[in-house]
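The chain contents come next:
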Amino acid sequence: MKDRFTHYHPLVNFFYFSLVIGFTMVLNHPLSQGISLLCASIYGIQAEGKKAVLFCLKWCLPMVLLTAFINPAFNHEGLTILLYLPTGNPLTLESILYGISSGAMIATVMLWFLNFQRVITSDKFIYLFGRIIPSLSLVLSMTLRFIPKFRQQMELVVEARRSIGRDISEGSLLQRVGSAITVLSIMITWSLENAIDTADSMKSRGYGLKGRSAFSIYRFEDRDEIALAFLGFCGLFLSVGIVASAFGFRYFPDIRYMELNAVTLFFQFVYLILCALPIVLNAVEEKKWNYIHSKM
Amino acid sequence: MKKTLSILLILSIAVLACSCDGSFGGASLQEAIEIPADGIIEARILSQIRNENAIAVFMGTSEEISYEWTIFGSDIQEVKDVNLSVDIRERKGQEVIVQLSQEEAFGFSALLSVYLADKWEYQGATGYEADKPVLSVSLTGSKNSILNMSLDGTVSTIAIRGDELPQASSVVETESGREETPPSDIENDPYLSAAQEGDEHLYTNGKDKYLTDPVPEGKPKPVEPEHQEVNAQTSLSCTFSIECATILNQLDQLDSDKLDLVPSDGVIFPETTVTFYEGESVFDVLQRVCRENKIHMEASWTPIYNSAYVEGISNLYEFDCGSLSGWMYRVNGWYPNYGCSRYQLRDGDVVQWRYTCDLGKDIDGGYAIGG
């Protein structure tokens, strides 16, 4: 399925992600965390399919399990003592649940960033911030691009060296280490040179100079205005909810939370709408497309 | 159209926000209330405190001495008008007479804190009714002493006198023995510290290798946990208690999530005689007492002091009541200047774990922190 949300104006995309990632990091109510995690993974699966599922299993699940184990090993606060650890400190229910919660939060933020880097491509990023903070946005987009590029280049170098019989998996341990160091040194030289090349190239094109215009294919349409207004409203509404502690939930010293009534549930519902916005947009567009298609 | 819509939206947000009250239903601290001239607190106010599960502080003065009542809503069993005014007279720093105006039971127990004008040099205090000890009084306060006692109104006239040093029988023996025998004997006693330190303690800049200043003469020397020899055959006994009255003097500083955890009389574990095995340290006993009595306790091993550091007891942690707060221990009236894993207990010792909100100054232990 095509991701329609990417075709919205970059400002809408960026605003959406900053809101969602921000609220994901702030809200620790299990219901809101569940909403965010679910929406992030559904959106990822909707747009990327198998890759997102793999990402979940490979990174997010271990993350949750890891923090669920690590947190109670160092944090012993909480009223419900389950048993005593060999160190003599208590193992508490609250610290385990808090570990799961913070693990889920990190996993959710990772998933949102998976979506972020797909939607906000480096050209969108440069478009948004090229004028305001030219050097920083160039450095950022170069850095974000650097890791995949580095990997590709490294594969090339390793291939080339294999073809002349200097594979990193051949020879004695010492030879292999030497070979790996050579590859590393080649890569460092390449990346430094590449960075300078890019910077020089951008400079020669007058990047960041006053009065320089940049081509972009983005148009701010009516739907972007509506989307932006909607996001602004959600952001304001949820911020008020946080101030009024409608999402209130605490783990220590014992678990206490705002009881779920119509008001608090409504705040959660608004959060659900905010998180699910791209999923809904994609589904609606898909339906529309199918409808037009069937009439033809 | 757009304007009216946005105004409507903002209004709806405001209405929703107001319908959420920001509490989890736990205890909350109310602003301090001045006790009226006649001292009568109406039943209406008490029932409000009870219904809101609030903690209320009532302030009053008796001539020059000010006092505070701290009432926990969860303690209130019976609601009626009570007279909280108190007449307090101090007799030359020797004795404080507290005279309640209320002549019958309050229907709840409340903490009375009396702010004296000067500093009492006592380890603790006891309240007497007609020369019979009726309640124990906790002494806190940095510059001037605060007497904290839990009252329920059944005793209306209390004379408070400072306790003499709690003394462990074995220490008394050795100390009295010291006066009679030549000082070389103390040096032979591996337990007590003498003016000259033995060779086994490597002092640099006056400190030992675990950064401990010289132990005052006549006080027990630290026994390193790795040299600890527990003799499970010999059972000894000591008096053990855990209290946090200092928190009750400044509940406004306390992390509001922890208000529920503070006992209304400040006593987490009342003075109890506990048995231990010869050679065990204060920390060993604390750990066992907490475990047996289902009291939460967290400690971490600190290699540079070669001792466990008690971070929190009963979920009340260091820094929970201001940045200078934490747990300290006192044995026989002395706050040791080394960790609790290095303090080897002797038969009859009196161990107190106390919470401080001011680096020990409010519980007469400022010296143990060192400088």
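Since the model is a prediction, treat every value here as computed from it, not as a measurement.

Examining the overall build of chain B
Right, so step 1: When helices and strands are counted, chain B shows seven helices and 20 strands.
Right, so step 2: Expressed as a percentage of its 371 residues, the buried residues of chain B come to 51%.
Right, so step 3: Once local pairs closer than 6 in sequence are excluded, the contacts in chain B between residues at least 24 apart make up 69%.
Right, so step 4: Carbon and sulfur atoms provide 50% of the accessible area of chain B, an area that totals close to 17,800 Å².

Some details on a nonpolar patch on the surface
Residues and elements named next belong to chain A.
Right, so step 1: Side chains of I45, V53, L57, L61, L65 and F69 sit close together on the surface and give an oily, nonpolar patch of about 610 Å² of accessible area.
Right, so step 2: Per element, the largest residue contribution to the nonpolar patch is five residues, and it comes from helix α3 (residues 50-74).
Right, so step 3: Locating V53 in the fold gives a position in helix α3.
Right, so step 4: On the accessibility criterion, V53 (35% relative accessible area) is partly exposed.

What to know about the domain arrangement of chain B
Think of interface size as the accessible area that goes away when the parts come together; that is how it is often given.
Residues and elements named next belong to chain B.
Right, so step 1: Once the domains are mapped, chain B shows domain 1 (28-162) and domain 2 (169-369).
Right, so step 2: Together, L29, F72 and Q123 form the three largest contributors to the area buried by domain 1 at its contact with domain 2, with a combined 30%.
Right, so step 3: In this structure, K119 and D364 form a salt bridge, with 2.9 Å as the shortest nitrogen-oxygen distance.
Right, so step 4: Between the two partners, domain 1 and domain 2, sit twelve residue pairs in polar contact (both at pLDDT 80 or more).
Right, so step 5: Contributing elements (two or more residues each) for the side of domain 1 that touches domain 2: β1 (28-29), β5 (65-72), β9 (110-115), β11 (132-140) and β12 (146-151).
Right, so step 6: Here the side of domain 1 that touches domain 2 is composed, by residue class, of nine nonpolar, eleven polar and two charged.

Topic: the sheet that holds strand β17 (residues 307-313) of chain B
Pairing between the strands of a sheet comes from backbone hydrogen bonds, and it takes one of two forms, parallel or antiparallel.
Residues and elements named next belong to chain B.
Right, so step 1: Spatial strand order, β16-β17-β18: three strands in an open sheet with antiparallel pairing. Looking along the sheet, the strands with just one partner apiece sit at the ends: β16 (297-302) and β18 (316-317).
Right, so step 2: Here β16 runs beside β17; their pairing, made up of six bridges, is antiparallel. Counterpart to S300 in the pairing with β17 is Y309.

Remarks on the sheet that holds strand β19 (residues 326-331) of chain B
Residues and elements named next belong to chain B.
Right, so step 1: Pairing is mixed in the open sheet, where four strands are placed in the order β15-β14-β20-β19. The sheet terminates laterally at β15 (267-278) and β19, the two strands that pair on one side only. With strand direction ignored, the average angle separating the axes of adjacent strands in the sheet is 25 degrees.

Quick look at the domain arrangement of chain A
Right, so step 1: For chain A, the domain assignment lists domain 1 (4-125 + 220-295) and domain 2 (132-204).
Right, so step 2: The distance between the C-alpha centroids of domain 1 of chain A and domain 2 of chain A comes to 35 Å.

Focus on unusual backbone geometry
Right, so step 1: Across the junction of F252 of chain A and P253 of chain A, the peptide omega takes the value -5 degrees, indicating a cis bond.
Right, so step 2: Position of P253 of chain A relative to the elements: it lies in the loop between β3 (249-250) and β4 (256-257).
Right, so step 3: Despite not being glycine, F319 of chain B shows a phi value in the positive range, around 70 degrees.
Right, so step 4: Tracing the sequence through the fold places F319 of chain B in the loop between β18 and β19.
Right, so step 5: Judged by its relative accessible area of 53%, F319 of chain B is exposed.
Right, so step 6: Located in the positive-phi region is D364 of chain B, a residue other than glycine, with phi close to 65 degrees.
Right, so step 7: Position of D364 of chain B among the secondary structure elements: in the loop between β20 (350-356) and α7 (366-369).
Right, so step 8: Given a relative accessible area of 23%, D364 of chain B falls into the partly exposed group.

Some words on helix α6 (residues 282-292) of chain B
Right, so step 1: Residues of α6 of chain B that are buried: V282, F283, V285, L286, Q287, V289 and C290 of chain B.
Right, so step 2: K294 of chain B sits one or two residues past α6 of chain B and shows a positive phi near 55 degrees.

Quick look at the side chain of E94 of chain A
All names here are of chain A.
Right, so step 1: Along the chain, the position of E94 falls in helix α4 (residues 93-119).
Right, so step 2: Separated by 3.4 Å, the side chain of E94 and the backbone nitrogen of L79 make a polar contact.
Right, so step 3: Filtering out sequence-adjacent residues up to four positions away, E94 remains in contact with E77, G78, L79, T80, Y251, F252, P253, D254 and I255.

Side note on the environment of T108 of chain A
All names here are of chain A.
Right, so step 1: Here T108 lies in helix α4.
Right, so step 2: The sequence separation of T108 and Q152 amounts to 44 residues, and the corresponding C-alpha distance is 28 Å.
Right, so step 3: The contact partners of T108, leaving out residues within four places of it in the chain, are T24, S36, L37 and A40.

With respect to the interface of chain A and chain B
Right, so step 1: The interface of chain A with chain B comprises 33 residues on the first partner and 27 residues on the second.
Right, so step 2: Of the roughly 2,300 Å² buried at the junction of chain A and chain B (both faces included), carbon and sulfur atoms supply 63%.
Right, so step 3: Ranking the residues of chain A by area buried against chain B places Y84, R250 and R256 of chain A at the top, with a combined share of 21%.
Right, so step 4: Taken together, chain A and chain B are joined by three salt bridges.
Right, so step 5: A salt bridge links K258 of chain B to E77 of chain A; the shortest N-O distance between them is 2.5 Å.
Right, so step 6: Linking chain A with chain B are eight residue pairs in polar contact (both at pLDDT 80 or more).
Right, so step 7: Mapped by element, the contributors of at least two residues to the side of chain A that touches chain B are β1 (81-84), β2 (90-92), α8 (222-243), β3, β4 and α9 (262-295) of chain A.

Thoughts on the state of the cysteines
By definition, a disulfide links two cysteine residues through a covalent bond between their sulfur atoms.
All names here are of chain B.
Right, so step 1: By the definition in use, this model includes zero disulfides over all chains.
Right, so step 2: Unpaired in this structure, C321 has its nearest cysteine sulfur neighbour in C357, at a distance of 3.5 Å.
Right, so step 3: For C321, a relative accessible area of 1% corresponds to the buried category.

Each value, and the rule that gives it
- Residues numbered from 1 in each chain as written.
- Chains lettered and ligands numbered in written order.
- Predicted model: local features only at pLDDT ≥ 70, side-chain atom pairs only at ≥ 80, totals over all residues.
- Heavy atoms only, no water.
- Helix = DSSP H or I, 4+ residues; strand = E, 2+ residues; numbered from the N terminus.
- Buried < 20%, exposed > 50% of the residue type's maximum accessible area, 1.4 Å probe, protein only.
- Contact = heavy atoms within 4.5 Å.
- Areas by Shrake-Rupley, 256 points an atom, 1.4 Å probe, with all protein chains shown as cover.
- Patch = residues over 30% accessible without salt bridge, like charges linked within 9 Å, V, L, I, M, F, W, Y side chains within 5 Å.
- Salt bridge = Lys/Arg side-chain N within 4 Å of Asp/Glu carboxyl O.
- Domains from an automatic or database assignment.
- Buried area = accessible area lost by both parts, 1.4 Å probe.
- Polar contact = N/O pair within 3.5 Å; in protein donor to acceptor, adjacent residues only side chain to side chain.
- Nonpolar A, V, L, I, M, F, W, Y, C, P; charged D, E, K, R; others polar.
- Pairing = 2+ DSSP bridges.
- Axes fitted to C-alpha atoms, helices over the stretch in contact; angles between N-to-C directions.
- Disulfide = S-S within 2.5 Å.

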